[in-house]
Amino acid sequence: MNPITNPSSRHFQGATYTYTELGLLGAGQTATVYRVRQEGTGQEYALKLLSAEEYHTRFFREVDTLALLSRYTNDLTNPDGRLLVPRIIEHKETGADQFIVMTLAFGRPLDEIQREQGRLPEREALTILAAVAQLFHILHTQLHRSYLDFQPRNIYWEAKSRSLLVLDWNLLSPEGQADVATDIGALGALLYRLVVGVQPPAYGLSAAPEWSQVTPATQAILRKATHGDPTLRYASAQALGEA
């Protein structure tokens, strides 16, 4: 059964379909995100509404990025078959309401999960790392770019299905400027935060009391991924994901 529509709900007209607002999902500097229903099909999606014209170029860059990523990531799926990145349904770049419609996120953002749980089980954290590292490898080798807005809040995780989705692909480095070593360091910092429960301390990975609870194998991965000399980190995101 379709949800009952509030008479005061907003409607967004796309090229083919009208989208009816069902609720607010979130808001940021460049966009407000709504849960919407596609009239005629009843399908529900996320609609990102551009907040100001000054962000137009950055906002719609996500459409191009996801289109490029889709060429290389269709074979990279979660265990349940869902993709690791959102799928664009349609977008509207002119007029009063400019927006992008995409598949809804599933699961919950990692930063929210970690605030509630503290440390994640190590096996679960390594599964997350391996999946994100696969995406970064494609970003580096096929798009030749780095993800500049890499934060746990942009990674949604569903533990029951062991599935994740990486969001917000509108802030990347210029083409040809992939900084592989820095991105590997960021992946290492993510793993540290997941298995130790805190941000990596500036004065040494072993400074956190929880470090002793991490297995030696994962400690070795963390040391290499976050090595102070970038040339001694993993040579690629793929190598890190397979470690």
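Here, every reference points to the structure presented above.
Residues numbered from 1 in each chain as written. Predicted model: local features only at pLDDT ≥ 70, side-chain atom pairs only at ≥ 80, totals over all residues. Heavy atoms only, no water.

## Some thoughts on helix α4 (residues 180-196)
Link 1 in the chain: Over its 17 residues, α4 extends 24 Å from the first C-alpha to the last, a length consistent with the 24 Å expected when each residue adds 1.5 Å.
Link 2 in the chain: Counting buried residues in α4 gives 12 out of 17 residues, a clear majority hidden from the surface.
Link 3 in the chain: For α4, the complete set of buried residues consists of D183, I184, G185, L187, G188, L190, L191, Y192, R193, L194, V195 and V196.
Link 4 in the chain: The inward-facing, buried residues of α4 contact α2 (110-117), α3 (122-143), β8 (155-158), α5 (216-225) and α6 (237-241).
Link 5 in the chain: With its phi angle positive at about 100 degrees, G197 sits one or two positions after the end of α4. (Helix = DSSP H or I, 4+ residues; strand = E, 2+ residues; numbered from the N terminus. Expected span 1.5 Å × (residues − 1). Buried < 20%, exposed > 50% of the residue type's maximum accessible area, 1.4 Å probe, protein only. Contact = heavy atoms within 4.5 Å.)

## Points about the sheet that holds β8
Link 1 in the chain: Pairing within the open sheet is antiparallel, and its three strands lie in the order β7-β8-β9. Bordering the open sheet on either side are β7 (108-109) and β9 (163-166), each of which pairs with just one other strand.
Link 2 in the chain: Judged from the four bridges that link them, β8 and β9 form a sheet pairing that is antiparallel. Bridge pairing in β9 links Y156 to L165. (Pairing = 2+ DSSP bridges.)

## Focus: the pattern of salt bridges
Link 1 in the chain: For the coordinates displayed, the defined rule picks out 10 salt bridges.
Link 2 in the chain: Its salt-bridge partner being E116, residue R108 comes within 2.8 Å of it at the nearest N-O pair.
Link 3 in the chain: Classification of E116 by relative accessible area gives exposed; the value is 58%.
Link 4 in the chain: Taking the shortest distance from any N to any O, the salt bridge between D111 and R115 comes out at 3.5 Å. With D111 and R115 both in helix α2, this residue pair falls four residues apart, about one helical turn.
Link 5 in the chain: Take R115: its relative accessible area is 61%, and that puts it in the exposed class.
Link 6 in the chain: Within this structure, K48, E62 and D168 form a network of salt bridges that share partners. (Salt bridge = Lys/Arg side-chain N within 4 Å of Asp/Glu carboxyl O.)

## Regarding the pairing of strand β4 (residues 44-50)
Link 1 in the chain: Extensive coverage of β4 is indicated by the burial of six of its seven residues.
Link 2 in the chain: Sheet analysis places strand β3 (residues 31-38) next to β4, joined by seven bridges and oriented antiparallel. By the bridge assignment, V36 is partnered in β4 with Y45.
Link 3 in the chain: The turn joining β3 and β4, which pair antiparallel and follow one another in sequence, is formed by five residues; a positive phi near 100 degrees is taken by G40.
Link 4 in the chain: Pairing of β4 with strand β6 (residues 99-102), which is carried by four bridges, proceeds in the antiparallel orientation. Bridged to L47 within β6 is V101.

## Regarding α2
Link 1 in the chain: Among all positions of α2, only L110, D111, I113 and Q114 are buried. For α2, the angular spread of the buried residues around the axis is 160 degrees, confining them to a single face. Facing away from the buried side of α2, by more than 90 degrees, are the exposed residues R115 and E116.
Link 2 in the chain: As for α2, its buried residues are in contact with β7, α3, β8 and α4.
Link 3 in the chain: G118 sits one or two positions beyond α2 and adopts a positive phi of about 75 degrees. (Arc of directions from axis to C-beta.)

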